[in-house]
Amino acid sequence: MILFSNRNAWLYLTFLFIGLNACSSEMPLEEPQATEVANQRLSPVPASGTVMMQAFYWDVPAGGNWWEEVSTKIPSWNHAGISSIWLPPFSKAQNGPYSMGYDPMDYFDLGEFNQMGSVETRFGSKNELLNLINTAHTYNIEVIADIVINHNSGGNLEQNIFTGTNTWTNFTPASGKFNRTMYDFHPNDQHTHDWGVFGGYPDLCHHKTYVQDWLWKTDYSVANFYKTIGVDGWRFDYVKGFEPWVVKDWIHHNGGFAVGENWDGNAETLEWWANEANASAFDFACYYAMNDAFDGNDLNKLNSDMLWKRNAYKAVTFVTNHDTDEIWNKNLAYAYILTHEGYPCIFYSDYEEWLDKNKLNNLIWIHNNLATGNTSILYTDNDEYVARRNGYGSAPGLVVYLNNADFWQERWIETNWSNTAIKDYSGHSAWMPTTQSGKWVKIQAPPKSYSIWSIK
């Protein structure tokens, strides 16, 4: 396996998709009313064939068993078409065996040093983490590490000459690596502040050469250490706390896929940050639009500006994560992100506990095999949304029909195909209509659900 190749190869499932019963289509009785209204990209965007799994949730069980638990999921996730897993911050943090990792203390302690009240982290030991990474790689699944470099926690008190107070900025980690003092945090003798402070924690100064060297620039850096254990990419936490050049320089020195948590609903802001950081960003603009659309009963909101519409290669789309869970109609939301452009991320609890896993697996298959090409929005109103993926090369694309009403709905739409039999790959409709010579066809969608159409 070549580490840190940003794979663009498509990942295909091996299971057999069951066909649906045939049903003939009617001819239109009147001129079809659907109109193509939005979002044509200037160049074709092929499906990435990649789906990310956020392999944790907030307050996963403590006790050091999480790495082993995730390892048991890898074969079935691979079979379903998952191509990468995003792991929580896995170094030793202030709260030791109880920490979710977002209060980092010793970046080089992966669960092998007795400090902060434990040897293991909340998730397990270093060996268990390495076994998980090796298992993921055996199944051709990449590992994305959660990187928390805005702030630190767990230091000792020292008299701070820059603040005139005592601050928790004296770090002497048990690993013996990346000792820190007041000179490495804000304010200091070189730099007074950056973009943001989180929770009152000591705020790392990325302008300090010493900090840069230890975090990402040298052979002994945190980034290089994580690469040596098999990390393939990075999820940067709270990037509003520091300038985007930090992420850009990290990637320049270390490579790998990178996505930033820029918690902002403005698509223009997300695009700006992604371009400045030379990284992807979580598409919060898409997230908030889906919440307004599906829970607010107005699917016109899906016409809103989103990062994936501006640059699909930079957008990581999601329905929920460990910090936020506002969308109630998740079935429609997952049908949306897994049929549209962008790099979709599935939340562990949605997949393993809360939703129908078979339906999610079906959507993953559709994403990896059918969701190709740029996107045309064909119709929207309060409770209907129809969009077409226009295909790419020999891949046919699809039509997705979202129905937020309490009853079945039908609509004439223009497809990619003339005189071609199509079917609903979601399995919700038994229709198997044939498109007309002008590519028009009538499709249907069940209440509070969806249908996804492509050639038989």
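This section reports on the structure supplied with the text. A quick note: this is a predicted structure, and the numbers were derived from the prediction, not measured. (Residues numbered from 1 in each chain as written. Predicted model: local features only at pLDDT ≥ 70, side-chain atom pairs only at ≥ 80, totals over all residues. Heavy atoms only, no water.)

**Here's the deal with the overall build of the chain**
- Looking only at helices and strands, the chain has eleven helices and 19 strands in total.
- A buried classification covers 62% of the 456 residues belonging to the chain.
- In the chain, the share of contacts with a sequence separation of at least 24, taken over all contacts with a separation of at least 6, comes to 67%.
- As presented, the chain carries roughly 17600 Å² of accessible surface, and 49% of it is formed by carbon and sulfur atoms. (Helix = DSSP H or I, 4+ residues; strand = E, 2+ residues; numbered from the N terminus. Buried < 20%, exposed > 50% of the residue type's maximum accessible area, 1.4 Å probe, protein only. Contact = heavy atoms within 4.5 Å. Areas by Shrake-Rupley, 256 points an atom, 1.4 Å probe, with all protein chains shown as cover.)

**Quick look at the side chain of Glu-352**
- One can find Glu-352 in helix α10 (residues 348–354).
- For Glu-352, a relative accessible area of 19% gives the class buried.
- Side-chain polar atoms of Glu-352 contact the side chain of Trp-77, separated by 2.8 Å.
- Apart from residues lying up to four places away in sequence, Glu-352 is in contact with Lys-73, Trp-77 and Lys-357. (Polar contact = N/O pair within 3.5 Å; in protein donor to acceptor, adjacent residues only side chain to side chain.)

**Thoughts on unusual backbone geometry**
- For the bond running from His-186 to Pro-187, omega is -10°, close enough to zero to count as cis.
- By secondary structure assignment, the location of Pro-187 is in the loop between β7 (165–170) and α3 (209–217).
- Positive phi values are uncommon outside glycine, yet Asn-278 reaches one of about 55°.
- The class for Asn-278 is partly exposed, based on a relative accessible area of 45%.

**A closer look at the sheet that holds strand β19 (residues 449–455)**
- Spatial strand order, β13-β14-β15-β19-β17: five strands in an open sheet with antiparallel pairing. The sheet is open, and its two borders are formed by β13 (375–380) and β17 (422–424), each paired with just one other strand. Averaged over all pairs of adjacent strands, the angle between strand axes in this sheet comes to 20°, irrespective of strand direction.
- Pairing analysis gives five bridges linking strand β15 (residues 398–403) to β19, with the strands arranged antiparallel. (Pairing = 2+ DSSP bridges. Axes fitted to C-alpha atoms, helices over the stretch in contact; angles between N-to-C directions.)

**A closer look at the nonpolar core**
- Ranked by size, the top nonpolar core spans 116 residues in total, and within it Ile-85, Tyr-336 and Leu-402 carry the most contacts.
- Per element, the largest residue contribution to this core is eight residues, and it comes from helix α7 (residues 284–295).
- Counting 13 residues, the second largest nonpolar core, distinct from the first, contains Val-399, Ile-413, Ile-422 and Val-441. (Core = buried A, V, L, I, M, F, W, Y, C linked by side-chain atoms within 4.5 Å.)

**Section: helix α5 (residues 245–254)**
- Among all positions in α5, only Val-246, Val-247, Asp-249, Trp-250, Ile-251 and Asn-254 are buried.
- Against β5 (142–147), α3, α4 (222–228), β8 (233–236), β9 (257–260) and α6 (267–277) lie the buried residues of α5.
- Positioned one or two residues after α5, Gly-255 has a phi angle of 70°, which is positive.

**Digging into helix α2 (residues 126–138)**
- Under the 1.5 Å per step criterion, the end-to-end length of α2 is 18 Å for 13 residues, consistent within 8% with the ideal 18 Å.
- When α2 is considered as a whole, its buried residues turn out to be Lys-126, Glu-128, Leu-129, Leu-132, Ile-133, Ala-136 and His-137.
- A positive backbone phi angle near 60° is found at Asn-140, which sits one or two residues after α2. (Expected span 1.5 Å × (residues − 1).)

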